[in-house]
Amino acid sequence: MGLFDRLKAGLQKTRDILRTDVRDLFRAGDILDDGLLEDFEGRLIRTDMGVAAADRITSRLREEHGGRTVDVDAVWETVRSELRDLLKSDDATAWDPDNPLSPLNKADSGPTVILVAGVNGVGKTTSIAKIANLLQTNGNSIVLAAGDTFRAAAVEQLTMWSERLGCDIVRKDSGADPASVAYEGAAKAVELNADYLIVDTAGRLQTQKNLMDELEKIRRVIQKVIPEAPHESLLVLDATTGQNGLSQAKSFSAAVECTGLVLAKLDGTARGGVTVAIRQEMGIPVKYIGVGEGVDDLELFDADGFVDALFAK
Amino acid sequence: MFEGITEGLTNAFSAFRGSGKITEGNIRDGMKQVRTALLEADVAFDVAQDFVRNITEQAIGEDVLKSLRPDQQLVGIVHQGLIDLMAGDHTLPLKRDGVTVLMMCGLQGSGKTTTCGKLARLLKEEGHTPMLVAADLQRPAAIEQLKIIGEQVGCPVYHEDPAKSDPVQVCRNGVKQAKAGGSTIVLLDTAGRLGIDEELMKELQRIDNRVAPDMCLFVCDAMTGQDAVNSAKAFNEALELDGVILTKLDGDTRGGAALSVRAVTGVPIKYVGVGEQLDRLEQFHPDRMAGRILGMGDVLSLVEKAQQEFDEDEMLAQQEKMQQGKFTLDDFRKQMRQIKKLGSMREVMKMIPGMGKVVDQMGDMNPEDDMRRIEGIINSMTLDERHNPERIDRGRRNRIASGSGVEPAEVNKLLKDFNSMGKMMQDMSNMSLKDRMKAVKQMSDGGMMDPNANIQEKKIRSKRGPIDSIQLRDKKKKQRKDARKAKKRNRRK
């Protein structure tokens, strides 16, 4: 399966919902009135993109097509370009479909450190396994640091993954200081001259100040070994998350300066539309999407593909 | 949050203040605000739409009470509407004798395993003997997690080797074992799955058919957005849910999912998970949830939080000291530290109704910074000075100021504020409740709550104020020039 097909498969449900509704909604010859627009706004809101973004798209539709008869293709083009505008902004993150590692920042020399954080149960550990697998299949050596010393059996979970993938792992007993695990991970990555170090962290709600401070500490401690680390700090977001995703992005960015999002669990009915709002407000791009439970169900995010897959015919 | 909806409503209703009745004409804008508030709280679109329609019908024609502004009254109606919608039986009907089997289900990462542990602990405290069954054979290390949790709560965990068993078998054997072992409640921890994953949903149905649990509880992440409807519907259709447990409510999510799930399934929410520790499972309170969805202050939760963090004896001791006027700077510092434990001042203040606006007005002002400075000043005092602040003379004041890196004037101000605060508290603690309320009101009118009253000034390194070297040079130049001119003029005369 090619990338596009995978993305499409992952977004099948989303597309079904949007497309069928939209075909019902906008029929050539109808007049685009407020009632139609309001219905359409409802569809957009159901993707979790938030009232503001949905408002923006519908008001642009109203401006350009309001009161006229519907030209399905033209309406589509407007929606699509507006969505693309929302998802893309002017920073330099590259999504090269031929190179699955293209959106990741890379260290000039020595190990590249990827710090992975997120709230509880979004799929951090699974996402780490997927990223590790992706890096490994592209010929990189990897060290994992099992920094989730809080949740019962989280270390075991990552250890199982490391055994399956066959990569190095630094672990300590549960209850140990996660920063010390991260420190040792960094030291080991330097010692082995690994290409990548991926640091797992315990899930934490963004409102817990002490835990967010702990996250900051992890970052500081890694910097003692590798000064410019973490080169990439990824926030894992559950695709089912609603508007709270924005608050998550804000708080985690304050602590570890997120450089990208991993949108997990996109294989369900959820649409992950909150990433549109996050992109718009915070400028943090989605870098990868998780589209299944298998270890290679991780896809490169690509704004055009995302929008096109949403509306593909 | 609260500001969002009330502000919007105030604007929407500014035109019709005093008109006395809620009519279709003047309610429309207000209802739009309510709808936006609900959608921003992640209430499902259709649910929000229906709710707004019903409330509008209800509210039209209602007389505006004299004591209330129409926006306040509308918020009241909406609030009550939400409570009514979420009300129900929030307890678990357990069998008097025999074994009650509870099945937990939900999406991946919603918190099933942790909730199992929490529920087991709660039931154990109520005098039951629960047993946990590890039926999640999918996620790596899920069985280990349940085993560890079982150990922490002190109840047995039934598990089998995942390679040689399947979930249905584990559940059946688990229930058998529970009956033999004398447990009264069995909690089945099933694997997380997607509502659209038919194969796994069928597996869940097989467990339901073969094991016949007495109750099926849906574990739902409170942060779920619009999708909550879809998954709740799928699980309800497959299993006929009996209750919902809402998890991760300790975050700052508004939790509109509660309303969506309730509206779609019709089953009541039983418990809410409010923390990672195993004792953080609470009864569901529709009134609190309603306030939360609307972004209204959550005073009750604040009070509970305060009770958790504050040491009661300590509080009593301090109160006593206040009454006797023996409240020292040391006690003051202690209290400040306790307040800090509640979280950031902004968050705390947002929980108090009406204070949300103050938080906004504060802008960039950061109460934490102020508190840190004050603590720094107190830290720089000797114990003796803290107990007898009147002993602080000029010399001591300068020492304290340089020790804590502030201006001597700030030390002075702290001492003055502390002094007047002490007097006020002493007066207040001798008042009746009613007088006390009055005094608080006076305080807030008199500038205590005026956010501009105590704005931190920009730190000035030099006593002469900020110096702009270029400006200073030009000024000096001009002075010299003027002086020369004046000299010349005087000579001519």
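Just above, that's the structure.
The present account deals with the structure reproduced in this document. (Residues numbered from 1 in each chain as written. Chains lettered and ligands numbered in written order. Predicted model: local features only at pLDDT ≥ 70, side-chain atom pairs only at ≥ 80, totals over all residues. Heavy atoms only, no water.)

## Looking at the sheet that holds strand β1 (residues 112-117) of chain A
Hydrogen bonds between backbone groups are what pair the strands of a sheet, and the pairing can be parallel or antiparallel.
All names here are of chain A.
In step 1: Strands sit in the order β3-β2-β4-β1-β5-β6-β7-β8 across an open sheet of eight strands; the sheet is mixed. The open sheet has two edge strands with one neighbour each: β3 (168-170) and β8 (298-300). Strand-to-strand, the axes of this sheet are offset by a mean angle of 25°, without reference to chain direction.
In step 2: As paired elements, strand β6 (residues 260-264) and strand β7 (residues 286-290) share three bridges and run parallel to each other. Within β7, the position partnered with Val262 by the bridge is Tyr288. (Pairing = 2+ DSSP bridges. Helix = DSSP H or I, 4+ residues; strand = E, 2+ residues; numbered from the N terminus. Axes fitted to C-alpha atoms, helices over the stretch in contact; angles between N-to-C directions.)

## With respect to the packing of helix α8 (residues 198-211) of chain B against helix α9 (residues 228-239) of chain B
Residue and element names in this part refer to chain B.
In step 1: Running from N to C, α8 and α9 cross one another at 40°; their axes reach a closest spacing of 9 Å. By the angle between their axes, α8 is oblique relative to α9. Our pair here, α8 against α9, has a crossing hand that is right-handed. For the pair α8 and α9, contact is made by Met201, Leu204, Gln205 and Asp208 and by Ala234, Phe235, Ala238 and Leu239, respectively. (Parallel < 35°, antiparallel > 145°, perpendicular 65-115°, else oblique. Left-handed = near helix turned anticlockwise from the far one by under 90°. Contact = heavy atoms within 4.5 Å.)

## Quick notes on empty space enclosed by the protein
In step 1: Summed over the entire model, instances satisfying the criterion amount to three cavities of 30 Å³ or more.
In step 2: When its volume is computed, the second largest cavity comes out at roughly 70 Å³.
In step 3: Lining the second largest cavity are A:Asp238, A:Thr240, B:Leu107, B:Gln108, B:Ser110, B:Phe218, B:Val219, B:Cys220, B:Asp221, B:Thr224 and B:Ser231.
In step 4: Considering each element in turn, the lining of the second largest cavity owes the most residues, four residues, to strand β5 (residues 215-221) of chain B.
In step 5: Taken together, the residues of the lining of the second largest cavity break down into four nonpolar, five polar and two charged. (1 Å grid on protein atoms, 1.4 Å probe; cavity = no way out; pocket = protein on both sides within 12 Å on 5 of 7 lines; lining within 4 Å. Points joined across faces, edges and corners; volume = space filled by probe spheres on them. Nonpolar A, V, L, I, M, F, W, Y, C, P; charged D, E, K, R; others polar.)

## Considerations on the sheet that holds β5(B)
Residue and element names in this part refer to chain B.
In step 1: Pairing within the open sheet is mixed, and its eight strands lie in the order β3-β2-β4-β1-β5-β6-β7-β8. Both outer strands of the open sheet, β3 (157-158) and β8 (281-283), are each paired with one neighbouring strand and no more.
In step 2: As paired strands, strand β2 (residues 130-135) and strand β4 (residues 185-190) are joined by six bridges and run parallel to one another. Each bridged residue has a counterpart across the sheet, and for Ala134 the counterpart in β4 is Asp189.
In step 3: Running over the sheet, helix α5 (residues 112-125) touches β1 (100-106), β2, β4, β5, β6 (243-247), β7 (269-273) and β8 and is turned about 170° from β4.

## Considering the pattern of salt bridges
In step 1: Evaluated as defined, the whole model comprises 29 salt bridges over all chains.
In step 2: When the shortest N-O distance is used, the salt bridge between A:Lys217 and A:Asp177 registers 3.0 Å. Of this pair, A:Lys217 sits in helix α9 (residues 209-225) while A:Asp177 sits in the loop between β3 and α8 (178-192), and the two are 40 residues apart along the sequence.
In step 3: For B:Asp417, the salt bridge goes to B:Lys413, with nearest N and O atoms at 2.9 Å. (Salt bridge = Lys/Arg side-chain N within 4 Å of Asp/Glu carboxyl O.)

## As for the interface of chain A and chain B
In step 1: Taken together, the contacts link 40 residues of chain A with 34 residues of chain B.
In step 2: Roughly 3200 Å² of surface becomes buried between chain A and chain B when both sides are summed, with 57% attributable to carbon and sulfur atoms.
In step 3: In terms of surface lost to chain B, no three residues of chain A exceed A:Arg46, A:Leu205 and A:Thr240, which account for 15% of the buried area on that side.
In step 4: Put simply, chain A and chain B have one salt bridge between them.
In step 5: Here B:Asp46 makes a salt bridge to A:Arg46, at a shortest N to O gap of 2.6 Å.
In step 6: Joining chain A to chain B, the criterion identifies 14 residue pairs in polar contact (both at pLDDT 80 or more).
In step 7: Broken down by secondary-structure element, the contributors of at least two residues to the side of chain A that touches chain B are α3 (34-45), α7 (154-165) and α10 (244-256) of chain A.
In step 8: The element contributing the most residues to the side of chain A that touches chain B is α7(A), with five residues. (Buried area = accessible area lost by both parts, 1.4 Å probe. Polar contact = N/O pair within 3.5 Å; in protein donor to acceptor, adjacent residues only side chain to side chain.)

## Considerations on the packing of aromatic side chains
Centre distance and the angle of the planes are the two values used to describe a pair of aromatic rings.
All names here are of chain B.
In step 1: Summed over the entire model, instances satisfying the criterion amount to two aromatic pairs over all chains.
In step 2: For the pair Phe218 and Phe235, a centre-to-centre distance of 5.2 Å together with 40° between the ring planes defines the contact as tilted. Of the two residues, Phe218 is situated in strand β5 and Phe235 in helix α9; the sequence distance between them amounts to 17 residues.
In step 3: Taking relative accessible area as the criterion, Phe218 reaches 2% and is therefore assigned buried.
In step 4: Taken together, a centroid distance of 5.8 Å and an interplanar angle of 50° make the contact between Phe332 and Phe418 tilted. Linking Phe332 in helix α14 (residues 329-341) with Phe418 in helix α20 (residues 408-429), this pair joins segments that are 86 residues apart in sequence. Phe418 carries the same exposure label as Phe332, and that label is buried. (Phe/Tyr/Trp six-rings, centres within 6.5 Å; stacked < 30°, edge-to-face > 60°. Buried < 20%, exposed > 50% of the residue type's maximum accessible area, 1.4 Å probe, protein only.)

## A closer look at the environment of A:Ala107
All names here are of chain A.
In step 1: One can find Ala107 in the loop between α5 (72-87) and β1.
In step 2: With relative accessibility at 9%, the residue Ala107 sits in the buried group.
In step 3: A sequence separation of 122 residues divides Ala107 from Ala229, and the C-alpha atoms of the two residues are 8.3 Å apart.
In step 4: Residues contacting Ala107, with those up to four places away along its chain left out, are Thr112 and His231.

## Considering the environment of B:Glu410
In step 1: Mapped onto the secondary structure, B:Glu410 falls in helix α20.
In step 2: Separated by 36 residues in the primary sequence, B:Glu410 and B:Ile374 place their C-alpha atoms 8.9 Å from one another.

## Here's the deal with the nonpolar core
In step 1: The biggest cluster of nonpolar side chains holds 165 residues, and the ones touching the most others in it are A:Ile198, B:Leu38 and B:Leu82.
In step 2: Discounting chain neighbours no more than four positions away, the residues touching A:Ile198 are A:Ile114, A:Val116, A:Ile128, A:Ile131, A:Ala132, A:Leu135, A:Ile142, A:Val143, A:Leu144 and A:Ala145.
In step 3: If you look at the next biggest cluster of nonpolar residues, it comprises 25 residues, including A:Ala152, B:Leu187, B:Ile245 and B:Leu281. (Core = buried A, V, L, I, M, F, W, Y, C linked by side-chain atoms within 4.5 Å.)

## A word on the state of the cysteines
Residues and elements named next belong to chain B.
In step 1: Within this structure, the stated rule accounts for zero disulfides over all chains.
In step 2: Lacking any disulfide linkage, Cys116 is separated from the closest cysteine sulfur, that of Cys155, by 9.6 Å.
In step 3: Owing to a relative accessible area of 0%, Cys116 belongs among the buried residues under this scheme. (Disulfide = S-S within 2.5 Å.)

## Quick look at the packing of α9(B) against helix α10 (residues 257-265) of chain B
All names here are of chain B.
In step 1: The geometry of α9 relative to α10 is characterised by a closest axis approach of 9 Å and an angle of 35° between their N-to-C directions. Handedness of the α9/α10 crossing: right-handed. Residues Ala228, Val229, Ala232, Lys233 and Asn236 of α9 pack against Ala257, Ser260, Val261, Val264 and Thr265 of α10.
In step 2: For the contact of α9 with α10, the residue count by class is six nonpolar, three polar and one charged.

## Things to note about unusual backbone geometry
Negative phi values dominate among residues other than glycine, just as trans dominates among peptide bonds.
Residue and element names in this part refer to chain A.
In step 1: Ala229 connects to Pro230 through a cis peptide bond whose omega is -10°.
In step 2: For Pro230, the position within the fold is in the loop between α9 and β5 (232-238).
In step 3: Unlike most non-glycine residues, Asn193 shows phi in positive territory, near 55°.
In step 4: Locating Asn193 in the fold gives a position in the loop between α8 and β4 (196-199).
In step 5: One non-glycine residue, Glu257, adopts positive backbone phi at about 50°.
In step 6: Residue position: Glu257 is located in the loop between α10 and β6.

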